[in-house]
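An overview of the molecular structure
Here is what each chain is made of, one letter per residue.
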Protein chains: 2
Amino acid sequence: MDTGETRSQKAGWIFQLEKLLPLGRVSCEPQVLAEHGTDAWLARALPEAVVFPRTVEEVSAVLRFAWERDIPVTARGAGRGYVGGCVPVRGGIVLSVAYMNRIREIDPVDGVAVVEPGVITGKLAQEARRLGYFYPPDPASLHESSIGGNIATNAGGARSLKYGVTKHYVLGLEVVLAEGTIVRVGSRTHKNKTGFDLVSLFVGSEGLLGVVTEATLRLIPHPPARAVIAAGFEAIERAAAAVENILTSGLLPSALEIADRFTVEAARHYLTDVSLPPGQAHLLVEVDGGPQAVREEGERVSQILLEAGAIAVESAWEEDSCERLWSTRRSFSRALSHQGLLKLNEDVTVPRSRLVDLFSFVSELARRWGIPIAAFGHAGDGNIHVNLMVNPNQEEEKTRAQRALDELFAQVLGWGGVLTGEHGIGLAKLSWWPQAVSEPVREIHRKIKRALDPKGMLNPGKFV
Amino acid sequence: MDTGETRSQKAGWIFQLEKLLPLGRVSCEPQVLAEHGTDAWLARALPEAVVFPRTVEEVSAVLRFAWERDIPVTARGAGRGYVGGCVPVRGGIVLSVAYMNRIREIDPVDGVAVVEPGVITGKLAQEARRLGYFYPPDPASLHESSIGGNIATNAGGARSLKYGVTKHYVLGLEVVLAEGTIVRVGSRTHKNKTGFDLVSLFVGSEGLLGVVTEATLRLIPHPPARAVIAAGFEAIERAAAAVENILTSGLLPSALEIADRFTVEAARHYLTDVSLPPGQAHLLVEVDGGPQAVREEGERVSQILLEAGAIAVESAWEEDSCERLWSTRRSFSRALSHQGLLKLNEDVTVPRSRLVDLFSFVSELARRWGIPIAAFGHAGDGNIHVNLMVNPNQEEEKTRAQRALDELFAQVLGWGGVLTGEHGIGLAKLSWWPQAVSEPVREIHRKIKRALDPKGMLNPGKFV
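Residues numbered from 1 in each chain as written. Chains lettered and ligands numbered in written order. Predicted model: local features only at pLDDT ≥ 70, side-chain atom pairs only at ≥ 80, totals over all residues. Heavy atoms only, no water.

- Going by what an unreviewed UniProt entry lists, chain A is known as FAD/FMN-containing dehydrogenase and is assigned to Candidatus Methylacidithermus pantelleriae.
- Comment text from UniProt for chain A, heading Cofactor (unreviewed entry), reads "FAD". (UniProt positions renumbered as here; feature names shortened; annotations may be inferred.)

Here's what the structure looks like:
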């Protein structure tokens, strides 16, 4: 995008930036730039510099510096996003929080953790658990993605049905605003009704409104026990109906995961040590709580599944066997990737009554466009990962995939569903943004963006 | 505030407004104006007209009309707020949603309810329950306050420890913006990551950013059983320590309520049919879930309470006996009001580790300022209702109470707590707003307000 001239001017600002910060904070190494130009999706764009601040003051200094010079800044957590949300499409600075990765505090009495944004989510969950506490949000990437990235995308996961998503666990934030001002919003308390809910405004804002430098997270007591029940069905419709039966029976499982035939077959074919009951559709149900409660509810779930027509039900009551069933579930994505195809991983969400419709629509879509589609995900939330498997070397197939996505999204929106349940808009869903959100609501987004970042310096080129 | 001249000009607009709407929507009756000039707090201010729209189009017409003429509009739910949040301090129009009170839909399969803002919260909870579903937010006023008011204040209640507050159950909103534009934000799905979290921005915005005309709420399966365990302690410190023991044991009760000696004594003195174990401090714990789980957890709670030094423990395992214990708890506020004193009901929230400190501070405050103070509330959230009991006829005593509140709030903020956990700022806490929120964060509030309501027409005279 830049001419050679502006680029050599910019070399000047990089030199200045290096002087502003302690040694080693700025990199312009081609490999570092390349690594920080993409995420887990397809898009790439090179930044001109990558900065690795270690303190909030350094983040503030970088933002002020960039603000004064009209240099775009794109914040980045662990770079595990699925929609290109942290791809620096306008170049400038990528601000990586990878080295702001300390858990500052876990306080069981207050029921909070205070963390820097680069902390890997799974690590926080582990540390909390050692103290008997629970940080429930569990995106499938939890061992790779960071709290900062989870906050930017309001990450969900399998446990949201019972426990909610990231925003339900963020009590307070330290944020650096576009021009470098450091603010604290929210608090350390479990309830707070002081003013507007600015915490929720920053959570899920995909790096467009500020850079989070610290988060105070809510922890809850860790449930003492859990059970996982896996079931195989002859058809996805039966599995989806079982979901409804479970929820109308007064049970609130901590997870309710569904997978279609394509997914299950890929798992059987590509994974070793796979733990899957027979059948063309797969349901995995987790219940947690006290030991007797788990026994009671787990048996109830098994019974409901059998009554709903499961051809096989497998129950796990110990940590090891639970993890074995989960491990298969968590490997679905990997199994699909083994096929050597490009996996376009969408995360549409529909009102729960449309689950069966969605699976039927998807299988018809696959047939009509000649593109294999694997669908699995969080049935309890209506949040299904629809994976189009595309040959990366066939441009024509990629074009067809785009048109299939057009149809998928139009139908999902038509049902009152949404494009994205937990990944965000980023670049991947940018072209459907106007279809998904009415003009007056897009205008509210623009007004809020202008209010907080009038020069549009934070993560430019995205949905606002 | 108005001169006679502007007032007679305004009489003109009221006439126009009446013509704009179906017959009977506008009232200028002195009694109606008076009734709509106050809430459950002290402040009063007369509106010039009260409008009772029945549809979103009527709400939009009123807002557009007012916007074009610079007439302030203050939206009002059931008028049960505790902070004067809906008091029309700049006059103009009070827009009451009292007649927009239909439950449009309860859909167990989708797990949603669609309601108009005037629906009384307790009524929605009852209707959902009849279908086996649960709307958990339960402010003490739930049988009088409306969903619209609950949304404006992000109402909490006793169940937030396990189930969260109002915002955790709002999936989508229809909102009329200041200038009359009708928008829909959020969706009917249980997960949604499309753009900024505008739903959470409107929830808790105390009528400053828009008027909610419809809400899509999340319902969850109703837990099949519950138990309530009430305990008496010799000292509040012991009761507070028991709270900690319960939470560190892996239990997550659906409620964990605490009350001090003053409150307990008022209940014993003024209530008939009181169900309170002996002791100077009271703890009420509710657990819910499957029948066996409830039995298991309820017994565990009793045991922990006895180990923590409870002098008496009373357990209720049936609906009737549970309700009897709750009924006493819900009457604490009424018992205090029986004394004929003015009850200044604050809802400070502290990090949980400060619970004992808070109770000690409050009793010292009462002694030092010679003002009786009763403290009780949601121990699990650190959200305690501190009630200063003031003689309404003694101006000097009222002044002392204000100074005692100054000290209370300064200390709570010093501990990292907040002025308000669930009531909001309104007018009651306006003078402490600058102390509670830093200037840059207040500036963000102003910027957002200007972005959505540049003329400041919605609920003017409040915290932004």
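Moving on, there is more to tell.
1. A short note on the packing of aromatic side chains
- Considering all chains together, one arrives at 18 aromatic pairs over all chains under this definition.
- Measuring from centroid to centroid gives 6.0 Å for Y135 of chain A and Y169 of chain A, while their planes differ by 75°, and the two rings are edge-to-face. Of this pair, Y135 of chain A sits in the loop between β7 (133-134) and α5 (147-153) while Y169 of chain A sits in the loop between α6 (160-163) and β8 (170-176), and the two are 34 residues apart along the sequence. Both residues of the pair, Y135 of chain A and Y169 of chain A, count as buried.
- The structure contains a cluster of three or more aromatic residues connected by ring pairs, namely F196 of chain A together with W433 and F463 of chain B.
- Just above the ring of F65 of chain A sits the side chain of R69 of chain A; from NZ or CZ to the centre is 3.8 Å. (Phe/Tyr/Trp six-rings, centres within 6.5 Å; stacked < 30°, edge-to-face > 60°. Helix = DSSP H or I, 4+ residues; strand = E, 2+ residues; numbered from the N terminus. Buried < 20%, exposed > 50% of the residue type's maximum accessible area, 1.4 Å probe, protein only. Lys NZ or Arg CZ within 6 Å of the ring centre and 35° of its normal.)

2. Description of the pairing of strand β14 (residues 281-289) of chain B
All names here are of chain B.
- The element β14 is extensively covered by neighbouring structure, given that nine of its nine residues are classed as buried.
- Every second residue of β14 is oriented toward a common face, with A281, L283, V285, V287 and G289 on one face and H282, L284, E286 and D288 on the other, all of them buried.
- In the sheet, strand β12 (residues 225-233) pairs with β14 via nine bridges, with the strands oriented antiparallel. When the sheet's bridge partners are listed, F233 is paired in β14 with A281.
- Relative to β14, strand β13 (residues 255-259) runs antiparallel, the two being bridged by five bridges. Bridging from a neighbouring strand, A255 pairs with E286 of β14. (Pairing = 2+ DSSP bridges.)

3. Considerations on the relation of the copies chain B and chain A
- Taken as rigid bodies, chain B and chain A are interconverted by a rotation of 180° and an axial shift of 0.0 Å, the fit giving an RMSD of 0.0 Å. What the rotation and shift describe, once combined, is the action of a two-fold rotation axis. Taking the C-alpha atom as reference, chain B places A293 of chain B closest to the rotation axis, 2.0 Å from it.
- Looking at chain B, 100% of its interface residues are interface residues in chain A too, so the copies touch through the same face. (Least-squares fit on C-alpha atoms with pLDDT ≥ 70 in both. Contact = heavy atoms within 4.5 Å.)

4. A few points about the nonpolar core
- With 190 residues, the main nonpolar core has L173, L305 and L408 of chain A together with L173, L305 and L408 of chain B as its most contacted residues.
- Other than its neighbours up to four places away in sequence, L173 of chain A contacts I151, V183, R184, V185, V199, F202, V203, V212, E214 and A215 of chain A. (Core = buried A, V, L, I, M, F, W, Y, C linked by side-chain atoms within 4.5 Å.)

5. Overview of the sheet that holds strand β8 (residues 170-176) of chain B
Residues and elements named next belong to chain B.
- Strand order in this open sheet of five strands is β5-β6-β10-β8-β9, and the pairing throughout is antiparallel. Two strands close off the open sheet at either side, each with one partner strand: β5 (103-107) and β9 (182-186). Sheet twist, expressed as the mean angle between neighbouring strand axes with direction ignored, is 10°.
- By the bridge criterion, four bridges tie strand β6 (residues 112-115) to strand β10 (residues 211-218) in an arrangement that is antiparallel. The residue bridging A113 from the neighbouring strand is L217, located in β10. (Axes fitted to C-alpha atoms, helices over the stretch in contact; angles between N-to-C directions.)

6. Observations regarding the packing of helix α8 (residues 236-247) of chain A against helix α13 (residues 355-369) of chain A
All names here are of chain A.
- The N-to-C vectors of α8 and α13 enclose an angle of 160°; their axes lie 9 Å apart at closest approach. In this view, α8 runs roughly antiparallel relative to α13, as classed from their interaxial angle. Crossing handedness for the pair α8 and α13: right-handed. Contacts between α8 and α13 involve I236, E237, A240 and V243 from the former and L355, V356, F359 and S360 from the latter.
- Looking at the contact of α8 with α13 residue by residue, the classes come out as six nonpolar, one polar and one charged. (Parallel < 35°, antiparallel > 145°, perpendicular 65-115°, else oblique. Left-handed = near helix turned anticlockwise from the far one by under 90°. Nonpolar A, V, L, I, M, F, W, Y, C, P; charged D, E, K, R; others polar.)

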